[in-house]
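Descriptive structure summary
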Amino acid sequence: MVAHRDERLPPRTRRILHLDVDAFLASVEQALHPELRGRPVVVGGSPTSRNLVMSCSYDARRRGVRPGMFASQAARHCPEAVFVPGDSKAANQKRAEIVRLLLEVSPRIQVTSIDDFLVDLTGSTRLLGCAFTVAERLRARIWTQTHMPVTVGVGTGPILARLAGKLGKPGGVAGILPGHERAFLARLPVRHLPGVGHKTASVVMAQAFGVPAFPVDTHIHRLAARWGLSKGINVEQTEADLKKVFPRDRWNVLHLQIIYFGREYCPARGHDLSTCRICSWAATAKRIREEEKKNKGTAKK
């Protein structure tokens, strides 16, 4: 249906493709080693050392693994994961192969990162067909020739194409027709906007629109762990735990109060939990001993 409606657009209608290689570094490993396809792959080295996850396949993500977490933590989430160090040379070769395929479609391409590309199809649809059809053919051809999965977004500009692509992940094609941009953006969550992460979206919704939210910064994350309110694995988990503890109508006020308390009275280093007006009764005896030991070690250095 979308492809059919896209075909009705005038030939000079601006149409931009945004291509994002899904789980790029992990996909490179699966392209080089077919036996890894369909298995949870984690790029970042051995889980026995303090390595960080640089990339992970969607099979690993479904088991709780995320880029940026420690490899040891990823191994706990997904014991059956295959850990690999990654191959930067092969990754650059795959990027070059994809660029060559894009240049066959349009001379106007932009490589925004190693796994992110923009293609301007304006004026090319009369020859190649509608943008949506080109996107589907391009996605299929990239997979056939490089074995790299890509998601393609179609829009009248780079940002809109990028936003459309988020709805097509992983490995799909999604588009926004001209004239439908306002309706599309009106229903889109704030966190989907480029450069807006989970925390920023929560802050905007809480402070600009009054929607109950509990944005977690480093202070809240630290104090929630100190006070035994969360295991503190990541900020998303901390936020979920705190929302269970505090009433919804207090979230917008409480998160600011906790941040202020953390900045003024409960610092990350050199803090004596046993004398703190909250930590002294909220923190466990084990946590108090651990931080006291850490503070003594820091003082010796």
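Structural data are supplied above this passage.
All figures in this text were calculated on a predicted structure; none of them were measured in a lab.

A word on the pattern of salt bridges
Considering all chains together, one arrives at 10 salt bridges under this definition. Of the charged contacts in the structure, one is a salt bridge between Arg 63 and Glu 80, with a shortest N-O distance of 2.7 Å. Within this pair, whereas Arg 63 is found in the loop between helix H3 (58-61) and helix H4 (71-77), its partner Glu 80 is found in the loop between H4 and strand E4 (82-84), the two being separated by 17 residues in sequence. Relative accessible area serves as the criterion here: at 35%, Arg 63 is assigned to the partly exposed category. Residue classification places Glu 80 among the partly exposed positions, given a relative accessible area of 41%. Across the pair Arg 287 and Glu 291 runs a salt bridge whose closest N-O atoms are separated by 3.1 Å. Here Glu 291 and Arg 287 lie together in helix H15 (residues 285-300), a separation of four residues that amounts to about one turn. The exposure class assigned to Glu 291 is buried, which follows from its relative accessible area of 4%. When salt bridges that share partners are traced, they join Asp 20, Asp 22 and Lys 169 into one network.

What about the pairing of strand E6 (residues 116-120)?
Among the five residues of E6, five are classified as buried, and the element is accordingly described as predominantly covered. Side-chain alternation along E6 places Asp 116, Leu 118 and Asp 120 on one buried face and Phe 117 and Val 119 on a second face that is also buried. Here strand E1 (residues 16-21) pairs with E6 via five bridges, running antiparallel. Residue pairing in the sheet places Asp 20 in a bridge with Asp 116 of E6. In the sheet, strand E5 (residues 109-113) pairs with E6 via four bridges, with the strands oriented antiparallel. Paired with Val 111 across the two strands is Phe 117, which belongs to E6. Hairpin connection of E5 to E6: two residues between the antiparallel strands.

Some details on unusual backbone geometry
Here the amide bond leading from Lys 169 into Pro 170 is cis, since omega sits at -10°, within 30 degrees of zero. As for its placement among the helices and strands, Pro 170 is situated in the loop between helix H8 (158-168) and strand E8 (173-175). The phi dihedral of Ala 23 is positive, around 45°, even though this residue is not glycine. With respect to the secondary-structure elements, Ala 23 resides in the loop between E1 and helix H2 (24-32). The residue His 147 is not glycine, and still its phi comes out positive at about 60°. Within the secondary structure layout, His 147 lies in the loop between helix H7 (131-146) and strand E7 (150-155).

Here we look at helix H11 (residues 218-226)
Taking burial as the measure, the nine residues of H11 include eight buried ones, the bulk of the element. Those residues of H11 lying buried are His 219, Ile 220, His 221, Arg 222, Leu 223, Ala 224, Ala 225 and Arg 226. N-cap assignment for H11: the residue whose side-chain oxygen lies 3.2 Å from the backbone N of His 219 is Asp 217. Note on H11: the residue one or two positions beyond its end, Gly 228, has a positive phi of about 75°.

Observations concerning the sheet that holds E5
Across the sheet, which stays open at both edges, the five strands sit in the order E5-E6-E1-E7-E8 with mixed pairing between neighbours. One side of each edge strand has no neighbouring strand; the edge strands of this open sheet are E5 and E8. Across the sheet, the mean angle from the axis of one strand to that of its neighbour is 20°, orientation sign disregarded. Its contacts with the sheet place helix H5 (residues 88-103) against E1, E5 and E6, and it is angled at close to 155° to E5. Packing against the sheet, H8 makes contact with E1, E5, E6, E7 and E8, and its axis sits at approximately 135° to E7.

Quick notes on the nonpolar core
Of all hydrophobic cores here, the largest spans 28 residues; its most connected members are Leu 17, Leu 19, Leu 102, Ile 142 and Met 148. Contributing elements (two or more residues each) for this core: E1, H2, H5, E6, H7 and E7. With 19 residues, the next largest nonpolar core counts Ala 224, Trp 251, Cys 276 and Cys 279 among its residues.

A word on the sheet that holds strand E3 (residues 55-56)
With respect to topology, three strands assemble into an open sheet ordered E3-E2-E4, the strand pairing being mixed. Only two strands of the sheet have a single neighbouring strand rather than two, namely E3 and E4. Note: strand E2 (residues 41-43) against E4, three bridges, orientation parallel. Counterpart to Val 42 in the pairing with E4 is Phe 83.

Parameters at a glance
- Residues numbered from 1 in each chain as written.
- Predicted model: local features only at pLDDT ≥ 70, side-chain atom pairs only at ≥ 80, totals over all residues.
- Heavy atoms only, no water.
- Salt bridge = Lys/Arg side-chain N within 4 Å of Asp/Glu carboxyl O.
- Helix = DSSP H or I, 4+ residues; strand = E, 2+ residues; numbered from the N terminus.
- Buried < 20%, exposed > 50% of the residue type's maximum accessible area, 1.4 Å probe, protein only.
- Pairing = 2+ DSSP bridges.
- Polar contact = N/O pair within 3.5 Å; in protein donor to acceptor, adjacent residues only side chain to side chain.
- Axes fitted to C-alpha atoms, helices over the stretch in contact; angles between N-to-C directions.
- Contact = heavy atoms within 4.5 Å.
- Core = buried A, V, L, I, M, F, W, Y, C linked by side-chain atoms within 4.5 Å.

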